[in-house]
Amino acid sequence: MILIVLALAAIALWALIRLGRQTERAGRGHWRVSATLLAAVMLGGAALAGARGSWILAAALAIGGLWLTLASRRRDLPRRTDMDDAEARSLLGVGAEATAAQINAAWRRLMARAHPDQGGTEGLAARLNAARDRLLKR
């Protein structure tokens, strides 16, 4: 019976790890919540196994629970700094002959929605800033 439970736990752990390896997006929050719950169950099982004297199982569950907790908290966001003028213009939605005032107006309009304080993401706000800086430095 214990082998069946361990096999099911291993399958669940594998599935969560596969989900967690995907890129950061809206579904990532479900991975974090599920991993936290599974880690709590594993740590609770480790405490129970340790109280019953099964030290090897307790150690394995504790190590697995701690690893899962740390793995679900890691955020590996891709960093990309090289942006050409065409991509910057496309991101801001301005033409090739846009003036500095038009670039700043487009940046303000987009940043009002993309800023993290307004419900946007840090990555998009950083890309908008990089696009504006790129176009204003030419």
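Residues numbered from 1 in each chain as written. Predicted model: local features only at pLDDT ≥ 70, side-chain atom pairs only at ≥ 80, totals over all residues. Heavy atoms only, no water.

(A) Here's a closer look at the overall build of the protein. Per the secondary structure count, the protein includes 6 helices and 0 strands. Taking all 138 residues of the protein together, the buried fraction comes to 27%. Put simply, 52% of the contacts in the protein that link residues at least 6 apart link residues at least 24 apart. Within the structure as shown, the protein displays about 9600 Å² of accessible surface, and the carbon and sulfur contribution to it stands at 63%. (Helix = DSSP H or I, 4+ residues; strand = E, 2+ residues; numbered from the N terminus. Buried < 20%, exposed > 50% of the residue type's maximum accessible area, 1.4 Å probe, protein only. Contact = heavy atoms within 4.5 Å. Areas by Shrake-Rupley, 256 points an atom, 1.4 Å probe, with all protein chains shown as cover.)

(B) Representation of the confidence of the model for the protein. On average, residues of the protein score 80 in pLDDT, and 79% of them are at 70 or above. Across the protein, element-level confidence peaks in helix α5 (residues 100-114) with a mean pLDDT of 92 and bottoms out in helix α1 (residues 2-20) with 70. (pLDDT = per-residue confidence, 0-100.)

(C) Up close: the pattern of salt bridges. Within the structure shown, the criterion is met by 3 salt bridges. R134 is the partner of D85 in a salt bridge, and the nearest nitrogen-oxygen pair spans 3.0 Å. Of the two residues, D85 sits in helix α4 (residues 85-92) while R134 sits in helix α6 (residues 122-136), which places them 49 residues apart along the sequence. Where R127 meets E87, a salt bridge forms, and the shortest distance between an N and an O atom there is 3.0 Å. In this pair, R127 sits in helix α6 while E87 sits in helix α4, placing the two residues 40 residues apart along the sequence. R127 sits in the partly exposed class, given a relative accessible area of 34%. (Salt bridge = Lys/Arg side-chain N within 4 Å of Asp/Glu carboxyl O.)

(D) Looking closely at the nonpolar core. Of all hydrophobic cores here, the largest spans 15 residues; its most connected members are L92, V94, I103, L128 and L135. Of all elements in the fold, only α4, α5 and α6 reach the threshold of two or more residues within this core. Considering every element that reaches this core, the biggest residue donor is α5, with 6 residues. Residue contacts for L92: discarding those within four places in its chain leaves I103, A106, W107, R109, L110, L128, A131, R132 and L135. (Core = buried A, V, L, I, M, F, W, Y, C linked by side-chain atoms within 4.5 Å.)

(E) Here's a closer look at the packing of α4 against α6. Relative to each other, α4 and α6 sit at 125 degrees, their axes nearing to 9 Å. As far as their axial angle goes, α6 and α4 are oblique. For the pair α4 and α6, the crossing hand works out as left-handed. Of α6, the residues touching α4 (which contributes D85, E87, A88, R89, L91 and L92) are R127, L128, A131, R132, R134 and L135. When grouped by side-chain class, the residues that make up the contact of α4 with α6 number 6 nonpolar, no polar and 6 charged. (Axes fitted to C-alpha atoms, helices over the stretch in contact; angles between N-to-C directions. Parallel < 35°, antiparallel > 145°, perpendicular 65-115°, else oblique. Left-handed = near helix turned anticlockwise from the far one by under 90°. Nonpolar A, V, L, I, M, F, W, Y, C, P; charged D, E, K, R; others polar.)

(F) Geometry of α5. For α5, spanning 15 residues, the distance from its first C-alpha to its last is 20 Å, which sits close to the expected 21 Å at 1.5 Å a residue. Looking only at α5, the buried set comprises I103, A106, W107, L110, M111 and A114. Seen from one end, α5 has its buried residues packed into an arc of 130 degrees, which puts them on one side. More than 90 degrees from the buried face of α5, the exposed residues found are A101, R108 and R113. (Expected span 1.5 Å × (residues − 1). Arc of directions from axis to C-beta.)

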